[in-house]
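Chains, contacts and geometry: an overview
Residues per chain are reported as follows:
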Amino acid sequence: KRCNREGCTNIVVKGGVCQRHGAKVKLCSTEGCTTTAVKGGVCMKHGGKVKECSNEGCSNIVVRGGVCVRHGAKTKKCSSGI
């Protein structure tokens, strides 16, 4: 999805708008860190874990069912007829 603001082609982050137009993004709770939080309120550098694909030798991020898109995770497609 693209930002709702006229003339903006950035990707929506939250609430229909991009970060530039007011979408609030959670930052790492570690003092002095300005990186975006991944999980548990901290960034990856400070211990935020992101699951990796369960397929042997693959280090892609899990999308659904323990696997990445390359190894069979189905992603939701747009339901509108456009």
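Everything here concerns the structure above.
Here is a short report on the structure shown in this document. (Residues numbered from 1 in each chain as written. Predicted model: local features only at pLDDT ≥ 70, side-chain atom pairs only at ≥ 80, totals over all residues. Heavy atoms only, no water.)

Focus: the overall build of the chain
Helix and strand counts for the chain come out as zero helices and zero strands. For the chain, the C-alpha radius of gyration of 16 Å lies well beyond 12 Å, the compact-globule estimate for 82 residues. Overall, the C-alpha framework of the chain stretches about 45 × 45 × 15 Å when taken along its three principal axes. Taking all 82 residues of the chain together, the buried fraction comes to 20%. Counting only contacts in the chain whose residues sit at least 6 apart along the sequence, the fraction spanning at least 24 positions is 0%. For the chain, the accessible area works out to roughly 6900 Å², and carbon and sulfur atoms hold 49% of it. Positive and negative side-chain charges in the chain, numbering 16 and 4 respectively, have mean positions lying 9 Å apart. (Helix = DSSP H or I, 4+ residues; strand = E, 2+ residues; numbered from the N terminus. Rg over C-alpha atoms; globule rule 2.2 N^0.38 Å. Buried < 20%, exposed > 50% of the residue type's maximum accessible area, 1.4 Å probe, protein only. Contact = heavy atoms within 4.5 Å. Areas by Shrake-Rupley, 256 points an atom, 1.4 Å probe, with all protein chains shown as cover. Lys, Arg positive; Asp, Glu negative; His and termini not counted. Charge placed at Lys NZ, Arg CZ, Asp CG, Glu CD.)

Observations concerning the state of the cysteines
In the structure shown here, the tally under the stated rule is zero disulfides. Distance from the sulfur of cysteine 8, which forms no disulfide, to the nearest cysteine sulfur (cysteine 18) is 3.8 Å. With no disulfide of its own, cysteine 68 lies 3.8 Å from the sulfur of cysteine 53, the closest cysteine sulfur. A residue is classified by how much of its surface remains accessible, and cysteine 68, at 2% relative accessible area, is buried. (Disulfide = S-S within 2.5 Å.)

Focus: the environment of valine 25
Here valine 25 falls in the partly exposed class, since its relative accessible area comes to 28%. Between the C-alpha atoms of valine 25 and alanine 37, which are 12 residues apart in sequence, the distance is 8.2 Å. With near-sequence residues (within four places) excluded, valine 25 lies in contact with Val13, Gln19 and Thr36.

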